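Each chain, written out:
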Amino acid sequence: MSLGHACVDVYQGAVAALVPHFVAERAYSYAAASGVVLAASLLSSLVQPLFGVLTDRWAMPWLLPLSALTAGAGVALSGVTGSYGLTLMVVAVSGVGVAAYHPEAARVARAVARGRHTGMSWFSFGGTTGFALAPLLVFAVVATGGLRASPLLVVPALAGAALCAAAVRSAGSGAGSAGASAAVGEDDWGSFVRLSGAVVCRSVVFVGLSTFVSLYVRERTGGGEAAGTAALFVLYAGGAAGTLAGGRLAGRYGRMRVVRRSYALTVPAVAGLVLVPGPPVYLFVALTSAALYVPFSLHITLGQDFLPRRAGTASGVTLGLAVSVGGLAAPALGALADATSLRSALLPLIALPVLGRLLLCGLREPAPPAAAVAERADPLDPAPR
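Residues numbered from 1 in each chain as written. Predicted model: local features only at pLDDT ≥ 70, side-chain atom pairs only at ≥ 80, totals over all residues. Heavy atoms only, no water.

### Quick look at empty space enclosed by the protein
The cut-off we apply is this: A pocket, in this scheme, is an open set of points on a 1 Å grid over the protein atoms alone with protein on both sides within 12 Å along at least 5 of 7 lines, while a cavity is a set where a 1.4 Å probe fits but cannot get out; residues line either one if an atom lies within 4 Å of a point. Grid points are joined across faces, edges and corners, and a volume is the space filled by probe spheres set on the points. Each helix is a run of H or I in the DSSP string that is no shorter than four residues. Each strand is a run of E no shorter than two, and both are numbered from the N terminus. Classification used: nonpolar for Ala, Val, Leu, Ile, Met, Phe, Trp, Tyr, Cys and Pro, charged for Asp, Glu, Lys and Arg, polar for all others including Gly.
What the rule picks out here adds up to five cavities of 30 Å³ or more. Considering the residues around the largest cavity, the lining is formed by 20 residues, among which Gln12, Val37, Ala40, Ser41 and Val207 are closest to the centre. Those elements giving two or more residues to the lining of the largest cavity turn out to be helix H1 (2-26), helix H2 (30-57), helix H4 (84-113), helix H8 (189-221) and helix H13 (311-324). Split by residue class, the lining of the largest cavity holds twelve nonpolar, eight polar and no charged. A volume near 70 Å³ is recorded for the second largest cavity.

### Points about the pattern of salt bridges
We count it as follows: Note on definitions: salt bridges are taken to be side-chain nitrogens of Lys or Arg within 4 Å of carboxyl oxygens of Asp or Glu. Working definition: with a 1.4 Å probe on protein chains only, accessible area under 20% of the residue-type maximum means buried, over 50% means exposed, and in between means partly exposed.
One pass over the structure, following the stated rule, counts four salt bridges. The closest approach of N and O atoms between Glu104 and Arg107, which form a salt bridge, is 2.6 Å. One end of the pair is Glu104 and the other is Arg107, both in helix H4 and three residues apart, which spans about a single turn. For the pair formed by Glu104 and Arg107, the shared burial category is buried. Between Asp305 and Arg255 there is a salt bridge, with the nearest N and O atoms lying 2.9 Å from each other. Taken together, the residues Asp305 in helix H12 (residues 296-306) and Arg255 in helix H10 (residues 255-275) connect sequence positions 50 residues apart. For the pair shown, Asp305 and Arg255 are each scored as buried. Residues joined by salt bridges that share partners form a network here, namely Arg255, Asp305 and Glu365.

### A few points about the packing of H2 against helix H14 (residues 330-339)
The test is simple: Every axis corresponds to a line fitted to the C-alpha atoms, with the helix fit spanning only the stretch in contact, and the corresponding angles, defined between N-to-C directions, vary from 0 to 180 degrees. Oblique is the label for every angle not falling under 35 degrees (roughly parallel), over 145 degrees (roughly antiparallel), or within 65 to 115 degrees (roughly perpendicular). In what follows, a contact means two residues having at least one pair of non-hydrogen atoms within 4.5 Å.
The contact between H2 and H14 brings their axes to 8 Å, and the two run at 170°. It follows from the interaxial angle that H2 and H14 lie roughly antiparallel. For the pair H2 and H14, contact is made by Tyr30, Ala31, Ser34, Val37 and Leu38 and by Ala330, Pro331, Gly334, Ala335, Ala337 and Asp338, respectively.

### Here's the deal with the layout of surface pockets
Considering only enclosed or pocket space, the second largest pocket measures out at about 250 Å³ in volume. Mapped by element, the contributors of at least two residues to the lining of the second largest pocket are helix H9 (225-253), H10 and helix H11 (281-293). Top element by residues in the lining of the second largest pocket is H10. It accounts for seven residues.

### Section: unusual backbone geometry
Peptide bonds are mostly trans, and most non-glycine residues show a negative phi. With a phi angle near 60°, Ala27 is a residue other than glycine that sits in the positive phi range. Among the structural elements, Ala27 can be located in the loop between H1 and H2.

### Considering the nonpolar core
Heads up, the condition is: As used in this record, nonpolar core signifies buried Ala, Val, Leu, Ile, Met, Phe, Trp, Tyr and Cys residues forming a set joined through side-chain atoms within 4.5 Å.
Formed by 74 residues in total, the largest nonpolar core has its most connected members in Phe123, Phe206, Leu235, Tyr236 and Leu349. Excluding anything up to four places from it in sequence, Phe206 contacts Phe131, Leu235, Tyr236, Leu292 and Tyr293. Counting 18 residues, the second-largest nonpolar core is a separate cluster that includes Val199, Tyr263, Val294 and Leu302.

### Description of H14
To keep it simple, the criterion reads: The reported arc concerns the directions from the helix axis to the C-beta atoms and nothing else.
For H14, every residue scored as buried is listed here: Ala330, Leu333, Gly334 and Ala337. The arc that holds the buried residues of H14, viewed along the axis, is 100°, so those residues lie on one side. Turned more than 90 degrees away from the buried face of H14 sit Ala332 and Ala339, all of them exposed. Those residues of H14 that are buried lie in contact with H2, H8 and helix H15 (342-346).

Everything listed here is a matter of coordinates, which is why it stays silent on function.
This is the structure in structure tokens:
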């Protein structure tokens, strides 16, 4: 499941990694380039809750390989389309594939992990690894062959479809049973909405940086294309380490405490990224990445425990909708960058983790599902306090 997740989330990272190439080869403005990110996010955001509701009603493990292929096909075609409109269309199709994947994948992964935080952090680690590999993959393909070589980007989708199919077969009946039927407990919608609001704040910061950090670092350091690709890789790779750390820290200190402190640490990290000049910007990119990703897998399990009867809906929002919705702000950042500068456009991102931290104030650790408590076997991952 973790490897399959990596192959799918390559395509979330690939869209942002393609932005500098669209600017260079097609002379897109910042606003037009960020519109590509919006296309990947908008339709995905709209259909994500629908897939969550569907997976609450019916188990659809067959959706995992199909969605991997759909996500890959859209990105693979984005470099060979003949117009801006067609580019937006195929990238939107890729976004639908990503949207279809996450609710069902999170449900299956939670069943396989038996509710353990470390298990879900490994599943999330796969996704962040896919993000981290995306700029390297795009650079290897597009920097040598140009955008016309983008069909080669379909290869991870083929691997992901095979891995997802194998994972579903290995999971057996656990993957095939609907999660809602065995759920116990009451849904806490108030806490879930506040958690989702905080995740949206995180999403806007992450997607905004994903879209523009490559161009910004090239501008700030005077480096070339490789310097920008390195910055995007650091942003994604630091997230992989942060995701694994989040599962371990939650087992020791509790999920809510770790999530709240992560949002607080994000504020100075983003401030340093935007305001500190020269090569030290890479250090702040890494710190920002870790702070944004430590709570990533914890958002998923917290959402599922706040809505124990609607695990698919919770997964669709915390893992999908609240992540992709950050792309809706990308055009606004792009327009502000066109009117002023990239630095000015990124300054508002410093304030959003503050708002997210305020939304988390007073939230209590939800009780895990009874089944997860009974099956919990990891001595390093005790029941949440």
